[in-house]
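Here is what each chain is made of, one letter per residue.
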Amino acid sequence: MTAERQPIGVIGTGYVGLVTAAGFAELGSEVWCVDIDAAKVERLRRGEVPIYEPGLEELLAKHSGRLHFSTDLAQALEHTRLLFVAVGTPPTYSGDADLSAVHAVVDAIPASDAHALVMKSTVPCGTGAAIQRVLAERGKDGLGYVSCPEFLKEGSAVQDFMNPDRVVVGDGGDWAGDAVVELYSPLQAPLVRTDIASAEMVKLASNAFLATKISFINEIANVCEETHADVVEVARGMGLDGRIGPKFLQAGIGFGGSCFPKDVDALKQLAGNSGYHFQLLTAVIEVNELQKRRVIAKLQKHLGGLVGKRIALLGLAFKPNTDDMREASSLVLSARLNADGALVSAYDPVAEDEARTLISGLRFAESAMDALTDADAIVLVTEWPSSWRSTGARSPSR
Ligand SMILES: NC(=O)c1ccc[n+]([C@@H]2O[C@H](COP(=O)([O-])OP(=O)(O)OC[C@H]3O[C@@H](n4cnc5c(N)ncnc54)[C@H](O)[C@@H]3O)[C@@H](O)[C@H]2O)c1
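Residues numbered from 1 in each chain as written. Predicted model: local features only at pLDDT ≥ 70, side-chain atom pairs only at ≥ 80, totals over all residues. Heavy atoms only, no water.

Chemist: Is there a simple way to think about the overall build of the chain in this case?
Modeler: Secondary structure assignment for the chain yields 15 helices and 12 strands. On C-alpha atoms alone, the chain measures out to a radius of gyration of 22 Å, which is about the 21 Å that the 2.2 N^0.38 rule sets for 398 residues. C-alpha atoms of the chain, sized along the principal axes, occupy 70 × 50 × 40 Å. In the chain, which comprises 398 residues, the proportion classed as buried is 50%. By sequence separation, contacts in the chain at least 24 residues apart represent 76% of the contacts at least 6 residues apart. Surface summary for the chain: the accessible area is close to 18,400 Å², and the carbon and sulfur share equals 54%. Considering the chain, the positive charge centre built from 37 side chains and the negative charge centre built from 51 side chains are found 3 Å apart. (Helix = DSSP H or I, 4+ residues; strand = E, 2+ residues; numbered from the N terminus. Rg over C-alpha atoms; globule rule 2.2 N^0.38 Å. Buried < 20%, exposed > 50% of the residue type's maximum accessible area, 1.4 Å probe, protein only. Contact = heavy atoms within 4.5 Å. Areas by Shrake-Rupley, 256 points an atom, 1.4 Å probe, with all protein chains shown as cover. Lys, Arg positive; Asp, Glu negative; His and termini not counted. Charge placed at Lys NZ, Arg CZ, Asp CG, Glu CD.)

Structure representation (structure tokens):
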């Protein structure tokens, strides 16, 4: 897959932006990446990859000749027509999505009939329409706009880019939508071409549904504990039903990460702002919060109090195969254990550097076995495979 294809710009070189850049480079495009973080851009230019994502470092190295990194949007504008926007949209205190980075991009882009913004960032339904309104008010209505939500999963993001379950393109039926469809065509994925608002909602609804599945199986697990059923067997029996499927039926400590918590909140707020009370999502969020704290209650019950007790946390990242600590359950757990007087040790094969910046008051162990030394209780927080060291995975270069 190396035939020369249309060049693209990628604005924001985080998990989504870098994987999108590497993926389209693999499909044959020259890619012009822009980020406001000058230090990050410098590292990327030197060939360093600031995040841990399996296969990403190799793919970026393979296509280093086709990948350009800069803080200057003008370069991307000069060489490309489609600008994929992959900046962060974190939650605000109210739970709404913070769109300030998206708006900074909209502000920075000049009037043009030759360019289009392709929104990869997850934004509330209605954002595309609002951006088009702003562009028109500023005399920039020549710019195209396409919603192309991203569904990759951290930990298998490169694999997901190359083998998507579907590609969703929301647009007004113009050249920009056609160009995005053409770019993705080598992947031969099912295409959902629709209007902008529907594309935005596909993303939010998909994440909300998956989060609901997790909270559902966690509640089933809690009932299983009371009724002596084994939730692993229950999930297996349920998952074999083709209507249900086995994915996202692993009971555990609750969902975290940079997407589910914020996207579920954002959809709930979006519904509320439109006058609809999304009761189901309110419950999904509450179950998830309680699930993290349930671990503390269990430890207290089994250890007869936590003061001076040695607790080992195995894994800190919000899920295996990533160094991402955003909204990781380990943040709540370690803070609660500390507050209750426990002595906490933890081991994570990849996320330790990131965790050190976020968690204080615990001992970072050299290995899983080291973390377990003299432990009164062990909490399996992240399901890293025990064979991690021998799978060829490596620490990120940061
Ligand atoms: N991480 C995921 O698994 C995932 C999956 C699907 C969708 N998304 C969505 O994709 C978006 C990006 O997520 P991420 O995890 O890649 O974020 P990230 O925080 O890893 O990366 C965002 C990047 O954007 C840069 N940036 C911020 N403002 C900028 C600007 N004005 N111009 C240029 N660069 C700018 C930041 O410096 C950073 O490098 C979010 O909306 C997220 O919800 C994320």
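Once you've had a look at it, read on.
Chemist: Looking at this structure, how should I read the site of the ligand?
Modeler: Lining the immediate environment of the ligand, one finds 28 residues, of which D35, K40, T89, E154 and K262 sit closest. Measuring from an oxygen atom of the ligand, one finds a backbone N or O atom of T122 at 2.9 Å. Protein chains bury 87% of the 840 Å² of accessible surface belonging to the ligand in isolation. When contributions to the shell around the ligand are tallied by element, the ones reaching two or more residues are helix 1 (15-26) and helix 5 (100-108). Sort the elements by how many residues they give to the shell around the ligand and helix 5 lands first, with 3 residues. When grouped by side-chain class, the residues that make up the shell around the ligand number 12 nonpolar, 8 polar and 8 charged. (Near = heavy atom within 4 Å. Polar contact = N/O pair within 3.5 Å; in protein donor to acceptor, adjacent residues only side chain to side chain. Nonpolar A, V, L, I, M, F, W, Y, C, P; charged D, E, K, R; others polar.)

Chemist: Looking at this structure, I do not really get helix 9 (residues 196-227). What am I missing?
Modeler: At 3.6 residues per turn, the α-helix brings residues three or four places apart onto the same side. Compared with an ideal rise of 1.5 Å per residue, which puts 32 residues at 46 Å, helix 9 spans 47 Å between its outermost C-alpha atoms and is within 8% of the ideal. One side-chain oxygen of the residue at the start of helix 9 lies 3.3 Å from the amide nitrogen of A197, identifying that residue as D195. (Expected span 1.5 Å × (residues − 1).)

Chemist: Got a minute to help me understand the nonpolar core in this structure?
Modeler: The nonpolar side chains of a soluble globular protein tend to be buried, and buried together. Among the nonpolar cores identified, the biggest contains 41 residues, and F24, V31, L56, L82, F84 and Y184 are the most heavily contacted of them. The element that contributes the greatest number of residues to this core is helix 1, accounting for 7 residues. Beyond its immediate chain neighbours, meaning those up to four positions away, F24 contacts I8, S29, V31, F84, F161, L183 and Y184. Grouped together as the second largest cluster of nonpolar side chains are 25 residues, V295, L306, A317 and A351 included. (Core = buried A, V, L, I, M, F, W, Y, C linked by side-chain atoms within 4.5 Å.)

Chemist: Looking at this structure, I do not really get the packing of helix 9 against helix 10 (residues 231-239). What am I missing?
Modeler: In helix packing, the relevant descriptors are the interaxial angle and the interaxial distance, both defined with respect to the helix axes. Between helix 9 and helix 10, the shortest axis-to-axis distance is 9 Å and the interhelical angle comes to 135°. Judged by the angle between their axes, helix 9 and helix 10 are oblique. By crossing handedness, the relation of helix 9 to helix 10 is classed as right-handed. Where helix 9 approaches helix 10, its residues F216, I217, I220, A221 and C224 are matched on the opposing element by V231, V234, A235 and M238. (Axes fitted to C-alpha atoms, helices over the stretch in contact; angles between N-to-C directions. Parallel < 35°, antiparallel > 145°, perpendicular 65-115°, else oblique. Left-handed = near helix turned anticlockwise from the far one by under 90°.)

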